[in-house]
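# Examining the three-dimensional arrangement
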Amino acid sequence: MTTESTWAAVDTYFTDLLVPEDEALAHARRAGDAAGLPPISVTPTQGKLLHLLARLVPAHRILEVGTLAAYSTIWLARALPDDGRLITLEFAPAHAAVARANLAHAGLDKVAEVRTGPALDSLAALHAEGTAPFDLVFIDADKANNARYLEWSLKLTRPGGLIVLDNVVRSGEVADAASDDPAILGTREALELIASHPDLDGTAVQTVGAKGYDGFALARVRA
Ligand code: SAH
Ligand code: DHB
Ligand code: MG
């Protein structure tokens, strides 16, 4: 029987072989733990997937919803060209403070900006200020608002851009049509929007690994 311990062992093998963390990433993880932030960042193999997707798009401007300690932010920001830019949105001032310090430690504080506040407000403000279109959006905050975040992402992303949603599986709960969990309802609404929206072309992929059983949804904005 293949169990969580097997998933973790394979993740350790892949991570050590393919995506060993360097000092700045390890520092970001440790600083988040030390500050009492929850251990819910993407794993190294997932972070590298985000990095590769950003390179493939290729992304010049990246938007992230949900920063935590900026662990995923560092993976994404490192995919940008020299004049690239990343904006990441975080509700909790304490998380934003850890994230800013981690980005500075990684030498990315000129590239990546953390905006504090409810992401729905920050997204509306970005739209109102006429921010240039983003090439990639990574949605990874409060799951109840996933469909709202996806709608804003559609407004803020260029044709041909990519939108990635984290944690769409939640150990399988997503398939429970009777769930009344706001996180599951928000994620199912976002997936239904990917399925029905004429400008979106997407899929969802289940993942297992060091952080259990979950998955990503990916949606390309039609050119
Ligand atoms: N992307 C990070 C993990 C983010 S965890 C990584 O993989 O490294 C989710 C984050 O979203 C938390 O820091 C939480 O404070 C933040 N968050 C929750 N609700 C939010 C909201 N309404 N607006 C912005 N951020 C929110
Ligand atoms: C949770 C949030 C995340 O973004 C994640 O990757 C894992 C778990 C959570 O809220 O439990
Ligand atoms: Mg997540």
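Residues numbered from 1 in each chain as written. Chains lettered and ligands numbered in written order. Predicted model: local features only at pLDDT ≥ 70, side-chain atom pairs only at ≥ 80, totals over all residues. Heavy atoms only, no water.

### Things to note about the site of ligand 1
So the rule is basically this: One heavy atom suffices: a residue is near a molecule or strand as soon as one of its heavy atoms comes within 4 Å of it. Any pair of N or O atoms that falls within 3.5 Å is considered a polar contact. Within protein, one atom must be able to donate a hydrogen and the other to accept it, and sequence-neighbouring residues count only if both atoms are side-chain atoms. Note on areas: Shrake-Rupley with a 1.4 Å probe; residue coverage comes only from the protein chains shown. In this text, helices come from DSSP runs of H or I with a minimum length of four residues, and strands from runs of E with a minimum of two, each type numbered from the N-terminal end. Three residue categories are used. Nonpolar comprises Ala, Val, Leu, Ile, Met, Phe, Trp, Tyr, Cys and Pro, charged comprises Asp, Glu, Lys and Arg, and polar comprises the others, including Gly.
Looking at ligand 1, there are 21 residues lining it, with Ser72, Glu90, His95, Ala119 and Asp140 nearest. Leucine 68 places a polar main-chain atom, nitrogen or oxygen, 3.3 Å from an oxygen atom of ligand 1. Backbone polar atom of alanine 119 to a nitrogen atom of ligand 1: 2.8 Å apart, as the coordinates give it. Out of a free accessible area of 580 Å², ligand 1 has 88% covered by protein chains. Among the elements of the structure, α4 (71-77) and β2 (85-90) are those that each provide at least two residues to the shell around ligand 1. Across the shell around ligand 1, the residue classes break down as eleven nonpolar, six polar and four charged.

### Topic: the site of ligand 2
With respect to spatial proximity, the complete set of residues near ligand 2 consists of Ile40, Asp140, Lys143, Asp166, Asn167 and Arg170. Contact between ligand 2 and isoleucine 40: an oxygen atom at 3.0 Å from a main-chain N or O atom of the residue. For ligand 2, an oxygen atom lies 3.1 Å from a polar atom in the side chain of lysine 143. Here ligand 2 has 290 Å² of accessible area as a free molecule, and 66% of this is covered by the chains. Considering only residue class, the shell around ligand 2 consists of one nonpolar, one polar and four charged.

### Things to note about the sheet that holds β2
Defined as follows: DSSP calls a pair of strands paired once it identifies at least 2 bridges connecting them. Here an axis means a line fitted to C-alpha atoms, over the contact stretch when the element is a helix, while the angle between two N-to-C directions is reported on a 0 to 180 degree scale. We call two residues in contact whenever any of their non-hydrogen atoms come within 4.5 Å of each other.
In spatial order, the strands read β3-β2-β1-β4-β5-β7-β6; together these seven strands make up an open sheet with mixed pairing. Sheet topology places β3 (112-116) and β6 (200-209) at the edges, where each strand pairs with a single neighbour. If you compare each strand with its neighbour and ignore which way they point, the axes differ by 15 degrees on average. By the bridge criterion, five bridges tie β2 to β3 in an arrangement that is parallel. Considered in β3, the bridge of threonine 88 is made with valine 114. The strands touched by helix α5 (residues 93-105) within the sheet are β2 and β3, with β3 carrying the most contacts at an inclination of about 170 degrees.

### Focus: the coordination of the magnesium ion (ligand 3)
Rules: Metal-coordinating donors are taken as N, O and S atoms lying within 2.8 Å of the metal, or within 3.2 Å when the metal is Na, K or Ca; because water is left out, some sites can appear incomplete.
Looking at the magnesium ion (ligand 3), the protein donor atoms are Asp140 (OD), Asp140 (OD), Asp166 (OD) and Asn167 (OD1), and they sit 2.0 to 2.8 Å from it. Mapping the donors of the magnesium ion (ligand 3) onto the primary sequence yields the spacing D-x25-D-N.

### Side note on helix α6 (residues 119-128)
Our working rule: Buried means the residue's accessible area, taken with a 1.4 Å probe over protein chains only, is under 20% of the maximum for its type, while exposed means over 50%, and partly exposed covers the values in between. Directions drawn from the helix axis to the C-beta atoms are what define this arc.
For α6, every residue scored as buried is listed here: Ala119, Ser122, Leu123 and Leu126. Take α6 and look down its axis: the buried residues cluster within an arc of 100 degrees, on one side only. In α6, the exposed residues that point more than 90 degrees away from the buried face are Asp121 and Ala128. Those residues of α6 that are buried are in contact with β1 (61-65), β2, β3 and α7 (146-156). Note on α6: the residue one or two positions beyond its end, glycine 130, has a positive phi of about 65 degrees.

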